[in-house]
Structure formats: structure tokens, C-alpha cells
Amino acid sequence: MARSAGVADRRVCRAAGPRAGSAASAPRARRRRRCRPRRRRADRGCELRRLRRRLRDAARERAARRTHRDRRRARAAPARQALVSADDVEVALEAVQVGGVTGAAGVGRVVADGEHARGLMNRRVLIGPIDPCGECDVCRHGGAAVCPHVRVRDALGARTTAAARWLVPLSDGLDLAVPAAAAVAGDVTAAYTLYARTGAAPRDPVVVVGATPISRFLIEILLAKGIAPAAVGSGGAWADWLRGKGVAVAGDRAALAAAFAERSLGTRPWRVICADPATVAAAVELAGPRAMLTVLAGRSPPPIAGDALGREVTVLGIAGPHPDLVVEAAAMCVKGEIDLAAGTTLAAGDPLRTRVCEIA
Ligand SMILES: [Zn+2]
């Protein structure tokens, strides 16, 4: 019964309603009063539905705008990444080192910089052959050249990308002439790395093996550090240049020992530095009991004779120039301790000078 009465009420509410003063007007008016809250609730329900619909439409519109913007950004991102990533810069090369056993090196100007590599824009920088990560345990133990995450540049074109943290900016008292400066982060720093890793002191008997541009820079570094090295040679331009520098030149172990005795360097175990991987066999022969043998391994490490281990020779391999040492090498060039102009050449075929090439 209650249900049928409710249906009737609704029917009445929807009808136009009786005229005023009729016999049914009083109860109907009461019913109308009861119906008003329901109508207001229904109106509010409609408004809420309309409001929800408007909110839903607005949300859809915002999502569509967002999707369009994301797509636009996604299209633009690869172009930025291809140009230069956050920690890198792009360098327009002015001159490069040609050849060399440790990879490419050069000098150039920064033409684009990454988000985290600000401050080098338009500056002239020295660039070496490797970008180690600088964070791993190998790097922390001085092994930048053999970092498992290293980026190697075997050759340089007109432009290249490099990690900003390893570049050495010129100027501020560190001015070097182009194109000779191209060799600084390459052969010159390779020579400095050989010296630094050997840890030679002024009263140590040091023998340099190999007649290369790196040997030449190494001799100049040793002399500047107060060390009187001897070198293996048997005549020719290399021996002449060594004698011009006051360096003892000898062809075998006995002659080298005599040279050290003459300079009162005693009979202490030698420090033999091999700057040319092709002459490592001769260097191993010279490394006597308890000697230290430092070898520039380059990209193709030479085999080491096992009998050196029987003499308790300490063998140190150098895979390439350490980027942290470029500043020291450059400073020695600026001070004239390393004759950079004389140690580099634009011509091909000079075995005692690093060949450099200008980029047009
Ligand atoms: Zn590393």
C-alpha cells in the first residue's frame, strides 16, 4: 500500500495540480510542499551531473594537451642529445696530433656545451685520447687509461665530443701555440705519465729505452726534474740530440753502468723506462735484479719476458696518458722545460718529433 501511495504522489507532483479552492486543493498543496524538496534534490542532481561532465571534459582536454606537449618534447629531445649530452662539450678542432701509440689528441675551441658543463664555451682547450669515468675504483687507483667505462678517441675529425671535466683550457698563464699544442695532451702527457708513474728521484739511475718523440719529451722532463738519465742509442740523430742535452748514450748494460759510475750514481737497482713498445725486449734485458721496468704499452701491449720475474723486476704498464697530468705537462711547455716547438713538426717522416696537423 505504501508503495502505491508513493507512485500516486509522484504522479500528482508531475501533473499541473488542482485549481485553488477546489475540494482537493488543501491536501494537494500539502503534497506539493512535500514534493518541493524532492524537485530541488533532482535539480541539484542535474547540476552535479552537469558539473561532473564539465570537469570530465576539462580533464580530457588537459590530458590531450599534455600528450601533445610530451610528444613535441620527445621529438625535440633526441636532437639535443645528439648535439651534446649533459657532461660533455663539443670541440671544433684547430689542430690534431697525427699517429702516436696512445690515441688521438688535439687542441680546439668549445662550440657547444652540455647542461652540466657550462663555463668552457668559446675557450681553447687541450683534448686527450680518453674520457675515463673518474668515479670507479680503477680510476680512484690511478688507472684512468684502463677504466672499464672509458671513452676512447682513436682519431679526431673536424669536431668531436669530449667530457668537460678532462679538458684543459688554455689562457690565464697557460698559453700554447697552435698547432704544436695538439701534442700536449697526447705524446707530451704520455711522457709525463711515464715519469710520474716511475716515481724517479734525482739520485736514481734512470735508463730511457726507445728513440721516439715520447722518449724525447721524457728526457726533457727528467732533466727538468733534476734527474740525470742515460739513454740507449748507437749513433744517428737520436744520439746527437741526447749528447746535445748532456745525456749519457750507451748501447749495452756495461756501458750504461760505467756512465752511472762516472756520475757517482752507485750500483742501486735501475729504473728502466721503455717509451717505445717495439723495444721492450731490450728494456727487459737491461732490467737487472730488483729493477723497476716502466713500459708504455699503448694499444697493443708487448709480451714481457718471464725471466724478468725471476730477477724480481717490478713491471709497470702504462696504457696511455693520464688526463689529470695534462696540466703539469702543459705548464712545463709554457715554462720552456719542454721545447714543444722543436719536438713537433708539420712534416711527415721525422721519427723524433710528434707530427701535428692543422684543421682547415
Ligand atoms: Zn673509471
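Now for a look at the structure at hand. (Residues numbered from 1 in each chain as written. Predicted model: local features only at pLDDT ≥ 70, side-chain atom pairs only at ≥ 80, totals over all residues. Heavy atoms only, no water.)

### Concerning the overall build of the chain
Secondary structure summary: the chain contains 11 helices and 15 strands in total. Out of the 360 residues belonging to the chain, those deemed buried represent 42%. Across the chain, contacts joining residues at least 24 apart in sequence account for 61% of those joining residues at least 6 apart. When the accessible surface of the chain is summed, it comes to about 19200 Å², and 52% of that surface belongs to carbon and sulfur atoms. (Helix = DSSP H or I, 4+ residues; strand = E, 2+ residues; numbered from the N terminus. Buried < 20%, exposed > 50% of the residue type's maximum accessible area, 1.4 Å probe, protein only. Contact = heavy atoms within 4.5 Å. Areas by Shrake-Rupley, 256 points an atom, 1.4 Å probe, with all protein chains shown as cover.)

### A few points about the pairing of strand E11 (residues 271-274)
Remember that side chains alternate between the two faces of the sheet whenever the strand is regular. Across 4 bridges, the pairing between strand E8 (residues 206-209) and E11 is parallel. When the bridges of E11 are listed, Val 207 appears paired with Val 272. Traced from E11 through helix H8 (residues 280-286) to strand E12 (residues 292-296), the parallel crossover comes out right-handed. (Pairing = 2+ DSSP bridges. Right-handed = clockwise from strand over helix to strand, strands pointing away.)

### Quick word on the environment of Gly 246
Relative to the elements of secondary structure, Gly 246 occurs in the loop between helix H6 (236-244) and strand E10 (248-250). In this structure, the C-alpha to C-alpha distance between Gly 246 and Ala 230, residues 16 residues apart in sequence, is 9.4 Å.

### Observations concerning the packing of aromatic side chains
Under the definition given, this model contains 3 aromatic pairs. For the pair Tyr 192 and Tyr 195, a centre-to-centre distance of 5.5 Å together with 70 degrees between the ring planes defines the contact as edge-to-face. With Tyr 192 and Tyr 195 both in helix H4 (residues 184-198) and 3 residues apart, the pair spans about one turn of that helix. Relative to Trp 241, the ring of Trp 238 lies with its centre 5.7 Å away and its plane at 10 degrees, an arrangement referred to as stacked. With a gap of 3 residues between them, Trp 238 and Trp 241 both fall in helix H6, about one helical turn apart. This pair shows no difference in class: Trp 238 is buried, exactly as Trp 241 is. Geometry around Trp 270 places Arg 253 over its ring, the cationic atom sitting 4.3 Å from the centre. (Phe/Tyr/Trp six-rings, centres within 6.5 Å; stacked < 30°, edge-to-face > 60°. Lys NZ or Arg CZ within 6 Å of the ring centre and 35° of its normal.)

### What to know about the packing of helix H5 (residues 213-224) against H6
Contact pair H5 / H6: the axes reach a minimum separation of 11 Å and the direction vectors enclose 10 degrees. Classified by the angle their axes make, H5 and H6 are roughly parallel. Where H5 approaches H6, its residues Ser 215, Arg 216, Ile 219 and Glu 220 are matched on the opposing element by Trp 238, Trp 241 and Leu 242. Residue classes in the contact of H5 with H6 are distributed as 4 nonpolar, 1 polar and 2 charged. (Axes fitted to C-alpha atoms, helices over the stretch in contact; angles between N-to-C directions. Parallel < 35°, antiparallel > 145°, perpendicular 65-115°, else oblique. Nonpolar A, V, L, I, M, F, W, Y, C, P; charged D, E, K, R; others polar.)

### A short note on unusual backbone geometry
Residue Pro 179 follows Val 178 across a cis peptide bond; omega there is 15 degrees. By the secondary structure assignment, Pro 179 is in the loop between strand E7 (168-169) and H4. Unusually for a residue other than glycine, Asn 122 sits at a positive phi of about 70 degrees. Locating Asn 122 in the fold gives a position in the loop between strand E2 (106-113) and strand E3 (124-127). The exposed category is assigned to Asn 122, whose relative accessible area is 53%. The phi angle at Arg 290 is positive, at roughly 65 degrees, despite the residue not being glycine. Inspection of the secondary structure puts Arg 290 in the loop between H8 and E12. The class of Arg 290 is exposed, set by a relative accessible area of 57%.

### Some details on the coordination of the zinc ion
The textbook angles at a metal center are 109.5 degrees for a tetrahedron of four donors and 90 or 180 degrees for an octahedron of six. Of the protein atoms, only Cys 133 (SG), Cys 136 (SG), Cys 139 (SG) and Cys 147 (SG) coordinate the zinc ion, at distances of 2.3 Å. One can describe the donor arrangement at the zinc ion as tetrahedral, given that its 4 donor atoms subtend angles of 104 to 116 degrees at the metal. Of note, the zinc ion draws all its donor residues from one chain, in the sequence arrangement C-x2-C-x2-C-x7-C. You can call Cys 133 partly exposed: its relative accessible area is 22%. (Donors = N, O, S within 2.8 Å, 3.2 Å for Na, K, Ca; no water. Tetrahedral: all angles 85-135°; square planar, octahedral: opposite > 155°, others 65-115°.)

### Focus on the packing of H4 against helix H10 (residues 326-335)
Here H4 crosses H10 at 95 degrees, and the two axes come no closer than 9 Å. As summarised for this structure, H4 and H10 are arranged roughly perpendicular, according to the angle between their axes. Contacts between H4 and H10 involve Val 184, Ala 185, Val 188, Thr 189 and Tyr 192 on the former and, on the latter, Val 326, Glu 328, Ala 329, Ala 330, Met 332 and Cys 333. Tallied by class, the residues present in the contact of H4 with H10 amount to 9 nonpolar, 1 polar and 1 charged.

### Examining the nonpolar core
Ranked by internal contacts, the top residues of the largest apolar core, which has 48 residues, are Leu 126, Leu 176, Val 184, Leu 194, Leu 218 and Ile 219. Put simply, the parts of the chain that give this core at least two residues each are H4, E8, H5, H6 and H10. Those residues in contact with Val 184 that sit more than four places away from it in its chain are Leu 126, Leu 176, Thr 189, Val 326, Ala 329, Ala 330, Cys 333 and Leu 340. Val 207, Cys 274, Val 284 and Ala 308 belong to the second-largest nonpolar core, a separate cluster that totals 22 residues. (Core = buried A, V, L, I, M, F, W, Y, C linked by side-chain atoms within 4.5 Å.)

### Regarding the pattern of salt bridges
One pass over the full model with this rule turns up 15 salt bridges. Among the ionic pairs, Glu 135 bridges to Arg 165, the shortest N-O distance being 3.2 Å. Taken together, the residues Glu 135 in the loop between strand E4 (130-131) and helix H3 (137-140) and Arg 165 in the loop between strand E6 (159-163) and E7 connect sequence positions 30 residues apart. Taking the relative accessible area as the measure of exposure, Arg 165 reaches 48% and is therefore partly exposed. The salt bridge involving Asp 350 is made with Arg 353; its shortest N-O contact spans 2.5 Å. (Salt bridge = Lys/Arg side-chain N within 4 Å of Asp/Glu carboxyl O.)

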